[in-house]
Amino acid sequence: MFAKVKCFGLSGIEGFEVIVEADIHNALPGTDVVGLADTAIKEAKERVRSAIKNSGFYCPPRRITINLAPADTKKEGPLFDLGMALAVLGAFEHAPASVINSGAVFIGELSLDGVLRPVRGMLPILISAVKKGFKTFVVPEENAAEASFIKEAEVYALKNLREAVQFLHTPHYFTRVRPRDFSSEVQYQYKDDFKYIRGQAFARRAMEVAAAGNHNILLIGPPGSGKTMLAKCLPSILPDLSAEEARETTKIHSVAGLLPPGVGMVTTRPLRAPHHTASQVAVTGGGSKAMPGEISLAHNGVLFLDELPEYPRSVLEVLRQPLENKSILVSRAARTVTYPADFMLVSGMNPCPCGNAGSSAKECTCSPMQVSKYLSKLSGPLLDRIDMHIEVDNVTYDDIKGEESEDSESIRARVNRARSLQSERYEGKGITNNAGLDSELMAIYCALDEKSELLLKKAFDRLGLSVRAYTRVLKVARTIADLSGEEKIQFSHVSEALSYRCMDRK
């Protein structure tokens, strides 16, 4: 007696087809699972046996062999529980084997009483399966919200194993999950708003420029000056999340198991803020299962690194490649996975160990050697990859008691207009914002007049800028011009862009 069921596995954020085969024959009773399965799958035979029994199905003692094909691909996790149970029931003729193998895909974890439990990575699995021509899916009820955003898929969300068997006999009695449209789910609700930031006009302007061009930014200032608040408010002025961006972000969060129950899609830009004690693997991704790290979880959002010099040097230096390539290659013995990592890096630091260097309110107690040693924790190549370095000073009592600042909604409107200009300008060129400009496009869209060229030349010689820092200044100037609605970069735009490079002056 033999039956097979179609399932899907997960490698990174891509799904791959797995065929679960069950063979029943007369021999000493027992269950063997083959096909390069991990420990969680090998343990599944006990879950499957109990789920079948507690769902009211009788299977006489026989030798059961379960194969997961292709046999040369590593399979991980409890994704295949439902498929394994249905294959066994099909082999024992409790379910129609012909229907099981009709093309539907079965995904889900089983509890001992036969209840279907949700699994990680449902969205990327369905997206990959649809691309490969699969249309009908049976998933756990708690994964319904996630699956509802795949319009091309005919999804049935079931409660338990018994319902899955009934579905095989009478599929027309079950109602498919109602597809949802992303545009109707978008919610731009952020608890942190720029209207709560008093004073700091220079820093607020810099954050607007950074958001408009997707530029990385470093905030330097004494404790309590508002660096963390500025970073937390940044997602509230970033451009609206598109449907494609939301799908990419949700795929990563789904694989990591970070989607809250009942939430099918990430609708706001993520803000990830790992502590400075976070390991390199936690930041970049990895582990035995090559899971995504903080830089991938911040994809299409913000990665905030507070107290930047306190992070281990190894963690900071590993950021250099993702900042350039917008992706991270996680290589482990079992697999190699590429995760997207297109994030805005926002970092904060004190100007010295005591935090008061340059403060208008307190006196610095650090020696020049201590300050130099503290700043030297950040390498030149890393600072070159941060487009903007700005100083944030303490706010005064009058600032605190002053009028409420401009709110995030008004700032986001200007940012959206600037991003729209960039999207139209770079349509068909593979980029959507000024931060992604390469040398060829910069020669076309970042041309300077004679006066601006002379200013930049003097700054280059006096500050000792690298070629990378020079290109960052040009990109920021291009963004400032877009915010002003100017087609060409003006002298004032270059001048303002240079004012955002305070670390070069140090």
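Residues numbered from 1 in each chain as written. Predicted model: local features only at pLDDT ≥ 70, side-chain atom pairs only at ≥ 80, totals over all residues. Heavy atoms only, no water.

Caption draft 1: Structural view of unusual backbone geometry. Going from A69 to P70, the amide bond is cis rather than trans, its omega being 5°. Mapped onto the secondary structure, P70 falls in the loop between β4 (63–69) and α3 (81–91). The residue L36 is not glycine, and still its phi comes out positive at about 60°. Inspection of the secondary structure puts L36 in the loop between β3 (30–34) and α1 (39–42). (Helix = DSSP H or I, 4+ residues; strand = E, 2+ residues; numbered from the N terminus.)

Caption draft 2: A look at the packing of α3 against helix α7 (residues 161–169). At a minimum axis separation of 11 Å, α3 and α7 run at an interaxial angle of 55°. Here α3 lies oblique to α7, going by the angle between them. Regarding α3 and α7, the two cross each other, and that crossing is right-handed. Here L82, A85, L86 and L89 of α3 come into contact with α7, specifically with L161, A164, V165 and L168. (Axes fitted to C-alpha atoms, helices over the stretch in contact; angles between N-to-C directions. Parallel < 35°, antiparallel > 145°, perpendicular 65-115°, else oblique. Left-handed = near helix turned anticlockwise from the far one by under 90°. Contact = heavy atoms within 4.5 Å.)

Caption draft 3: Examining the packing of helix α18 (residues 408–425) against helix α21 (residues 467–484) more closely. It is the contact of α18 with α21, at a shortest axis distance of 8 Å, that shows an interaxial angle of 115°. Comparing their axes, α21 and α18 come out roughly perpendicular. The handedness of the crossing between α18 and α21 is right-handed. On the side of α18, the interface is formed by R414, A418, L421, Q422 and R425, while α21 contributes R478, D482 and L483.

Caption draft 4: Molecular detail of the sheet that holds strand β10 (residues 217–220). Spatially, the five strands line up as an open sheet ordered β11-β14-β17-β10-β18, and their pairing is parallel. Only two strands of the sheet have a single neighbouring strand rather than two, namely β11 (271–272) and β18 (388–391). Bridge analysis of strand β14 (residues 302–305) against strand β17 (residues 344–349) gives four bridges, and the strand direction is parallel. Looking at the pairing, L303 lines up with L345 of β17. (Pairing = 2+ DSSP bridges.)

Caption draft 5: Quick peek at the domain arrangement of the protein. What the domain assignment lists for the protein is domain 1 (2–173), domain 2 (194–416) and domain 3 (437–506). If you average the C-alpha positions of domain 1 and of domain 2, the two centres end up 41 Å apart. Each side of the interface is counted separately: domain 1 has 18 residues, and domain 2 has 20 residues. Between domain 1 and domain 2, a total of about 1,700 Å² is buried, with carbon and sulfur atoms accounting for 60% of that surface. Counting across the interface, domain 1 meets domain 2 through one salt bridge. The partner of K251 in a salt bridge is E14, and the shortest N-O contact between them spans 4.0 Å. Linking domain 1 to domain 2 there are three residue pairs in polar contact (both at pLDDT 80 or more). Of all the secondary-structure elements, those providing two or more residues to the side of domain 1 that touches domain 2 are β1 (2–11), α5 (122–131) and α6 (144–147). Looking at the side of domain 1 that touches domain 2, the element that brings in the most residues is α5, giving four residues. (Domains from an automatic or database assignment. Buried area = accessible area lost by both parts, 1.4 Å probe. Salt bridge = Lys/Arg side-chain N within 4 Å of Asp/Glu carboxyl O. Polar contact = N/O pair within 3.5 Å; in protein donor to acceptor, adjacent residues only side chain to side chain.)

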